[in-house]
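Listed below are the residues making up each chain.
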Amino acid sequence: MNKTVICPGSFDPVTLGHLDIITRAAKMFDRVIVAVLVNSAKTPTFSTEERIELLREAVGGLENVEIVSFKGLLAEYCKKCGVGTIVKGLRAVSDFEYEFQMALANKKLNPELETVFLAADADSTFLSSSMVREIASMGGDISNFVPACVHDRIVERLRK
Ligand code: ADP
């Protein structure tokens, strides 16, 4: 069976935590679609195009990973693409309640849809895009937090 999964998120910008989940998903499944959320209610720091470009560069070597953007409900998008599995990273108990609620809501909206959680890597359980944005905007070192190939571009964009 050819198994395609979707890794959704804001990726504003991509971090080593995201990359860890995407890389592990790419080993477990045949095809991974990384879906960048276009949320009209929230203004991201990086535009959709920038977020996609940074992700493309970060996952460059992974042949079974593709990057797309989507608007609206993830459950509807998955139905439209014929994808039945969402893969998400779980960092801490604080992620659990929200993620569990989302997984149940998505299943109500699209009963065929399963959500699989991968435990975050111990080294990146604390890591989030907002933390990267904050540290970089204050001139801090983010080299341990973002993929090396996109580090300079992220720093340049976030420097005040
Ligand atoms: P955030 O803005 O919190 O960094 P996103 O909305 O971009 O996160 O997250 C997309 C997906 O990546 C979610 O499943 C989230 O749990 C996961 N994720 C985010 N950061 C990490 C991390 N440091 N380790 C593992 N998974 C992560």
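**Student:** Got a minute to help me understand the site of the ligand in this structure?
**Tutor:** Around the ligand sit 16 residues in total, of which Phe11, His18, Gly89, Ser124 and Leu127 are the nearest. Separating an oxygen atom of the ligand from a side-chain N or O atom of arginine 91 is a distance of 3.1 Å. Here leucine 127 contributes a backbone N or O atom positioned 2.9 Å from a nitrogen atom of the ligand. When the ligand is considered free in solution it has 540 Å² of accessible area, and contact with the protein chains removes 86% of it. For the ligand, the cavity whose grid points lie within 2 Å of the majority of its atoms is the largest pocket. When residues in the shell around the ligand are grouped by element, the largest group, three residues, is from helix 1 (residues 16–28).

**Student:** Would you mind showing me how to read a nonpolar patch on the surface here?
**Tutor:** A grouping of Val93, Phe96, Phe100 and Leu104 is seen on the molecular surface, where their side chains present a nonpolar patch of about 420 Å² in accessible area. By the secondary structure assignment, phenylalanine 100 is in helix 4 (residues 93–109). With a relative accessible area of 42%, phenylalanine 100 lands in the partly exposed category.

**Student:** For this particular structure, what's the right way to read the pairing of strand 4 (residues 85–90)?
**Tutor:** Side chains on a regular strand alternate between the two faces of the sheet. Where burial is concerned, most of strand 4 is hidden: five out of the six residues are buried. Pairing of strand 4 with strand 5 (residues 114–119) involves six bridges; the strand directions are parallel. Directly across from threonine 85, in strand 5, lies its bridge partner glutamate 114. A crossover connection joins strand 4 to the parallel strand 5 through helix 4; in handedness this β-α-β unit is right-handed.

**Student:** Can you help me understand the layout of surface pockets in this one?
**Tutor:** Think of a ball as big as a water molecule: rolled over the atoms, this probe shows where empty space is left. Considering only enclosed or pocket space, the largest pocket measures out at about 1,200 Å³ in volume. Lining the largest pocket are 44 residues, with Pro8, Gly9, Ser10, Lys88 and Glu99 sitting closest to its centre. Contributing elements (two or more residues each) for the lining of the largest pocket: strand 1 (4–9), helix 1, strand 4, helix 4, strand 5 and helix 5 (129–137). The biggest single contributor to the lining of the largest pocket is helix 4, with eight residues. Per-class residue counts for the lining of the largest pocket are 20 nonpolar, 16 polar and eight charged.

Rules of the game
Residues numbered from 1 in each chain as written. Predicted model: local features only at pLDDT ≥ 70, side-chain atom pairs only at ≥ 80, totals over all residues. Heavy atoms only, no water. Near = heavy atom within 4 Å. Polar contact = N/O pair within 3.5 Å; in protein donor to acceptor, adjacent residues only side chain to side chain. Areas by Shrake-Rupley, 256 points an atom, 1.4 Å probe, with all protein chains shown as cover. 1 Å grid on protein atoms, 1.4 Å probe; cavity = no way out; pocket = protein on both sides within 12 Å on 5 of 7 lines; lining within 4 Å. Sits in = over half its atoms within 2 Å of the grid points. Helix = DSSP H or I, 4+ residues; strand = E, 2+ residues; numbered from the N terminus. Patch = residues over 30% accessible without salt bridge, like charges linked within 9 Å, V, L, I, M, F, W, Y side chains within 5 Å. Salt bridge = Lys/Arg side-chain N within 4 Å of Asp/Glu carboxyl O. Buried < 20%, exposed > 50% of the residue type's maximum accessible area, 1.4 Å probe, protein only. Pairing = 2+ DSSP bridges. Right-handed = clockwise from strand over helix to strand, strands pointing away. Points joined across faces, edges and corners; volume = space filled by probe spheres on them. Nonpolar A, V, L, I, M, F, W, Y, C, P; charged D, E, K, R; others polar.

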